[in-house]
Amino acid sequence: MGLDYKSSGVDIEAGYRSVELIKQSVKETMRPEVLGALGGFSGAFSLQKIKEMRSPVLLSGTDGVGTKLKLAFLMNRHDTIGIDCVAMCVNDVACAGGEPLFFLDYIACGKNEPEKIARIVKGIADGCAQCGAALIGGETAEHPGLMPEEEYDVAGFAVGIAEKEEIIDGHEIGEKDVLIGVFSSGLHSNGFSLVRNVFDMTKESLAHYYEELSAPLGEVLLTPTKIYVKMMKQLKENGIRVKGCSHITGGGFYENVPRMLRDGVRAVIHKNSYPVPPIFSLLQKKGGIDERMMYQTFNMGLGMVLAVDPKEAERALQVIRESGEQGALVGEIIKGEKGIDLC
């Protein structure tokens, strides 16, 4: 019997089964603008509604989940990692004032196990449902010999839209504007290479209950990234002008907050102005990590930082709560060299 693709490690029939298993999850994310059915060579999205906008601008974001995937492998939990992937992309679009329109995913795996792929894509579809984006396409690639059979990587790409005059780019930020921190759900999807050096990455270690935590360590670490799209949309619909917005991801406060600032202004954040989740204190204590490194690596309990006019701060916090999120006044803008002071 001669060689075939399956004996070389690529199971085309498994790919077909994966597509069948994910169809319902994908269908639930559809928007009226989506044209065609799942399985085509490209995803089609009608621009008819965009013609009604005054000056439409497309915004895009792409990202992956990073080494947080190692926890999913060890715990054999693959239902939330897709939410992380969507969040990392669409939060960046929302950060610029955009509404996500559609999303595409890419999954590379050592071996295509249809049920596992379906769980991953179900998480991606759940994330898309949270932000209103249609999951219009994706790719699952089997890489035998390149990746271990039990491992995979997942990345995504989001496209959104905004009116040009409503884009959030920091140019309106002025002295005396205030900073609102919107609470995270935990580590989100950053800093896991450091986390894996602090805790033993074994099933036993991840199942351990620490006194400080409300659930086993692995459950706390695997908590999916919050998606802030609905919150940002409600702020806009309530007439609150967000002048600057920072998504606190890789690089923590020191890298991400300055990205929203214009030249000539500086952010001041008060560390004791909001509750830092206990997972961060546990990490710092167990790893002997310097405080600056903590704020340079992790979100420390804030998934987004918004700059608003002080007159709108109270109303903004109310709308944030009404959207299902929690926030606090965490700082202010001062005159100075672009950057951040944590005090």
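Rules used in this analysis
- Residues numbered from 1 in each chain as written.
- Predicted model: local features only at pLDDT ≥ 70, side-chain atom pairs only at ≥ 80, totals over all residues.
- Heavy atoms only, no water.
- Helix = DSSP H or I, 4+ residues; strand = E, 2+ residues; numbered from the N terminus.
- Rg over C-alpha atoms; globule rule 2.2 N^0.38 Å.
- Buried < 20%, exposed > 50% of the residue type's maximum accessible area, 1.4 Å probe, protein only.
- Contact = heavy atoms within 4.5 Å.
- Areas by Shrake-Rupley, 256 points an atom, 1.4 Å probe, with all protein chains shown as cover.
- Lys, Arg positive; Asp, Glu negative; His and termini not counted.
- Charge placed at Lys NZ, Arg CZ, Asp CG, Glu CD.
- Disulfide = S-S within 2.5 Å.
- Pairing = 2+ DSSP bridges.
- Axes fitted to C-alpha atoms, helices over the stretch in contact; angles between N-to-C directions.
- Phe/Tyr/Trp six-rings, centres within 6.5 Å; stacked < 30°, edge-to-face > 60°.
- Lys NZ or Arg CZ within 6 Å of the ring centre and 35° of its normal.
- Salt bridge = Lys/Arg side-chain N within 4 Å of Asp/Glu carboxyl O.
- Arc of directions from axis to C-beta.

A. Molecular detail of the overall build of the chain. For the chain, the helix and strand inventory stands at twelve helices and twelve strands. Taken against the 2.2 N^0.38 rule, which gives 20 Å for 343 residues, the C-alpha radius of gyration of the chain at 21 Å falls within 12% of a compact globule. Along the longest, intermediate and shortest principal axes, the C-alpha atoms of the chain span 75 × 55 × 30 Å. Here the chain, with 343 residues, has 52% of them falling under the buried criterion. For the chain, long-range pairs separated by at least 24 residues make up 85% of all intrachain contacts whose partners lie at least 6 apart in sequence. Total accessible area on the chain stands at roughly 16100 Å², and carbon and sulfur atoms take up 51% of it. Across the chain, the 37 positively charged side chains and the 47 negatively charged ones have centroids separated by 3 Å.

B. Local environment of the state of the cysteines. Per the counting criterion, the structure on display carries zero disulfides. Left unpaired, C128 is separated from the closest cysteine sulfur, that of C131, by 5.4 Å. Among the cysteines around C245, which has no disulfide bond, C95 carries the closest sulfur, lying 3.3 Å off.

C. Highlighting the sheet that holds strand β9 (residues 265–269). One open sheet accounts for six strands, arranged β8-β10-β7-β11-β9-β12; its pairing is mixed. Looking at strand neighbours, the two that pair on one side only are β8 (244–247) and β12 (340–342), the edges of this open sheet. When the angles between neighbouring strand axes are averaged without regard to direction, this sheet yields 25 degrees. Where β8 and strand β10 (residues 302–308) come together, four bridges link them in antiparallel fashion. Counterpart to H247 in the pairing with β10 is M304. Along the sheet, helix α8 (residues 229–237) contacts β7 (178–183), β8 and β10; its crossing angle with β10, the most-contacted strand, is approximately 15 degrees. With respect to the sheet, helix α12 (residues 313–322) is in contact with β7, β10 and β11 (327–335), its orientation differing from that of β7 by roughly 10 degrees.

D. The arrangement of the sheet that holds strand β3 (residues 56–64) in detail. Pairing is mixed in the open sheet, where four strands are placed in the order β3-β6-β4-β5. Because the sheet does not close on itself, it has two edges, and the strands there are β3 and β5 (134–142). Ignoring strand direction, the axes of neighbouring strands in this sheet form an average angle of 15 degrees. As paired elements, strand β4 (residues 99–109) and β5 share eight bridges and run parallel to each other. In the strand pairing of β5, A108 is matched with A141. With respect to the sheet, helix α3 (residues 81–95) is in contact with β3, β4 and β6 (152–163), its orientation differing from that of β6 by roughly 30 degrees. The sheet contacts of helix α4 (residues 114–131) involve β4, β5 and β6, and relative to β4 the element is tilted by about 165 degrees.

E. Broad picture of the environment of A207. As for its placement among the helices and strands, A207 is situated in the loop between α6 (203–206) and α7 (217–222). With 52 residues separating them in the primary sequence, A207 and A155 have C-alpha atoms 27 Å apart.

F. Representation of the packing of aromatic side chains in the model. Going through the model one piece at a time under the given rule, you end up with six aromatic pairs. With a centroid separation of 5.0 Å and an interplanar angle of 75 degrees, the aromatic rings of F73 and Y152 are classed as edge-to-face. Placement of F73 in helix α2 (residues 69–75) and of Y152 in strand β6 is noted, with a sequence separation of 79 residues between them. We classify F73 as buried; its relative accessible area is 19%. Residues F253 and Y295 carry aromatic rings whose centres are separated by 5.3 Å and whose planes lie at 65 degrees to one another, so their mutual orientation is edge-to-face. One end of the pair, F253, is in helix α9 (residues 252–256); the other, Y295, is in helix α11 (residues 291–297), with 42 residues separating them in the sequence. By the burial criterion, F253 is buried, and Y295 matches it. In this arrangement the basic side chain of R292 is found over the ring face of Y254, its NZ or CZ atom lying 3.9 Å from the centre.

G. Quick look at the pattern of salt bridges. Tallying each qualifying case throughout the model produces 18 salt bridges. The residue K226 makes a salt bridge to E325 at a minimum N-O spacing of 3.2 Å. Of this pair, K226 sits in the loop between α7 and α8 while E325 is found in the loop between α12 and β11, placing the two residues 99 residues apart along the sequence. A residue is classified by how much of its surface remains accessible, and E325, at 10% relative accessible area, is buried.

H. Representation of α12 in the model. By the burial criterion, the buried members of α12 are A313, A316, L317, V319 and I320. The buried residues of α12 occupy an angular sector of 160 degrees when the element is viewed end-on, so they sit on one face. Each element contacted by the buried residues of α12 is listed here: β7, α8, β10 and β11. Just downstream of α12 lies G324, where phi reads positive at about 100 degrees.

I. Spotlight on the pairing of β4. In terms of residue burial, β4 counts as a mostly covered element, since eight of its eleven residues are buried. As defined by bridge partners, β4 adjoins β6 across ten bridges and the pair is classed as antiparallel. Within β6, the position partnered with C109 by the bridge is Y152.

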